[in-house]
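# Fold and geometry: a report
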Amino acid sequence: MTITLGIESTAHTFGIGIVKDGKIIANKKDMYTTKSGGIIPIESAKHHLLKKNETFFEALDEAGIKKKDIDVIAFSQGPGLAPCLLEGMKFAKELSKKLNKPIVPVNHCIAHLEIGKTTGAKNPVMLYISGANTQIISYSSGKYRIFGETLDLGVGNFIDTFARFAGIGFPGGPKIQELAEKGKKYIELPYKVKGMDIALSGIQTKLKKFLENKDYKLEDLAFSLQETVFAMLVESAERALAHTGKKELLLGGGVACNSRLQEMCKIMCKERRAKFFCPSNGLLTDNGAMIAYLGEIMFKSGIKFSQNQLNKIDILPKQRTDEVDVLWE
Ligand code: ATP
Ligand code: FE2
């Protein structure tokens, strides 16, 4: 039996998850939010420092275990905001020393993907849409390859920036979804898909202008934003399915919580007889359970750092999905 602790701290969320032989037995998190401005990395890191012990003990409680029952500690090594990543790594090293247990550094994006496999997907094309990242990923010959991605902004950051312009706070995604449900009028926006890549800066400029000029109702802008950007994502994902010949689409990342996006993906999958998979919202947004889940798989395949190797571990704020050798498949 193995009990793995997972620490997530790449951006706004401090999360602790606990996995016991592939089963999630705790998933606790606390999110840094604002009422009007965007995310400030140093402030978010302070939030993590403040919340780490509380979240840790809540997770132990939820799992019904004691500190000493933990066999291995996994943490998000990157990509992410450096000050936030540092808090997570410091906590991992602190626990490793205190409990005399090894550490497994985990790639955050691949964790989003691997946790999705708990829904039953086996060899999917994954549409990974979060704050900083927008990628279409699939496994091929030892690595998770990026088939398509955003050429400028991540969809989540793009939505959050629009929300900030509109003065409705962070995170913007859930609020924009609510507004979009009340929108009726479709306003034409620049639709940019190049192969399996997308670009959003043109839409952003246009939306900002519309907001400044008060040309349209916020509900209609939110509705048009979602319809345009999600259609671009669905088109790219469909092209990746066709290109790879794979028959499963898996969603991951916080933006995938959006019910309109899920609906559009389901329609596309039905039309091309592909299977659609999507984890629950708690596993789509940043969480410690996905870090523990992938950390445990890596640990069981022999990947680990013991206490006397802790100085070899550092954060990797710019680590890319396709840089990681997948040695555990
Ligand atoms: P990354 O994985 O790139 O490090 P992140 O840490 O910002 O990103 P997530 O928690 O995966 O990650 O996603 C957060 C994003 O999801 C935010 O931009 C938020 O606005 C967006 N989001 C959350 N719920 C919704 C929703 N219902 N509709 C659209 N976007 C949403
Ligand atoms: Fe994330």
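Above this text sits the structure in question.
Everything in this summary refers to the structure shown in the same document. Not measured: the values here are computed from a predicted model.

What counts, and where the lines are drawn
- Residues numbered from 1 in each chain as written.
- Chains lettered and ligands numbered in written order.
- Predicted model: local features only at pLDDT ≥ 70, side-chain atom pairs only at ≥ 80, totals over all residues.
- Heavy atoms only, no water.
- Core = buried A, V, L, I, M, F, W, Y, C linked by side-chain atoms within 4.5 Å.
- Buried < 20%, exposed > 50% of the residue type's maximum accessible area, 1.4 Å probe, protein only.
- Helix = DSSP H or I, 4+ residues; strand = E, 2+ residues; numbered from the N terminus.
- Contact = heavy atoms within 4.5 Å.
- Expected span 1.5 Å × (residues − 1).
- Arc of directions from axis to C-beta.
- Near = heavy atom within 4 Å.
- Polar contact = N/O pair within 3.5 Å; in protein donor to acceptor, adjacent residues only side chain to side chain.
- Areas by Shrake-Rupley, 256 points an atom, 1.4 Å probe, with all protein chains shown as cover.
- Pairing = 2+ DSSP bridges.

## What to know about the nonpolar core
- Counting residues in each nonpolar core, the largest one holds 43 residues, and the members touching the most others are Leu127, Val155 and Leu249.
- It is helix H7 (residues 218–244) that provides the largest number of residues to this core, a total of 12 residues.
- In this view, leucine 127 contacts Gln135, Ile136, Leu233, Ala237, Leu249, Leu250, Leu251, Gly252 and Cys265; residues no more than four positions away in its chain are not counted.
- In this structure, Phe277, Tyr293, Val324 and Val326 belong to the second largest nonpolar core, which totals 28 residues.

## Looking at helix H8 (residues 259–271)
- When the terminal C-alpha atoms of H8 are compared, their 19 Å separation across 13 residues agrees well with the 18 Å that a helix rising 1.5 Å per residue should span.
- Along H8, the residues that are buried comprise Leu261, Gln262, Met264, Cys265, Met268 and Cys269. Viewed end-on, H8 has its buried residues packed into an arc of 165°, placing them on one side of the element. Turned more than 90 degrees off the buried face of H8, the exposed positions are Lys270 and Glu271.
- Buried-residue contacts for H8 involve strand E6 (125–129), H7, strand E11 (248–252), strand E12 (275–277) and helix H9 (281–284).

## Thoughts on the site of ligand 1
- Near ligand 1, the surroundings consist of 24 residues, among which Tyr128, Ser130, Asn133, Asp160 and Asp286 are the closest.
- In this structure, a nitrogen atom belonging to ligand 1 sits 3.0 Å away from a side-chain N or O atom of asparagine 258.
- Against a free-state accessible area of 650 Å², the protein chains account for coverage of 94% of ligand 1.
- Listing elements by their share of the shell around ligand 1, those giving two or more residues are helix H3 (108–116), helix H4 (155–165) and helix H5 (173–182).
- Sorting elements by how many residues they give to the shell around ligand 1 places H5 first, with three residues.

## A word on the pairing of E6
- With five of five residues buried, E6 is to be regarded as a mostly interior element.
- Of the two faces of E6, the one holding Val125, Leu127 and Ile129 and the one holding Met126 and Tyr128 are both buried throughout.
- Alignment of E6 against strand E7 (residues 134–140), held across five bridges, turns out to be antiparallel. Of the residues in E7, the one forming a bridge with isoleucine 129 is threonine 134.
- Linking E6 back to E7 in an antiparallel pair, the connection comprises four residues.
- Examined bridge by bridge, E6 and E11 share four bridges and lie parallel to one another. Note that in E11 the partner of leucine 127 across the bridge is leucine 251.

That's the geometry; what it means functionally is another story.
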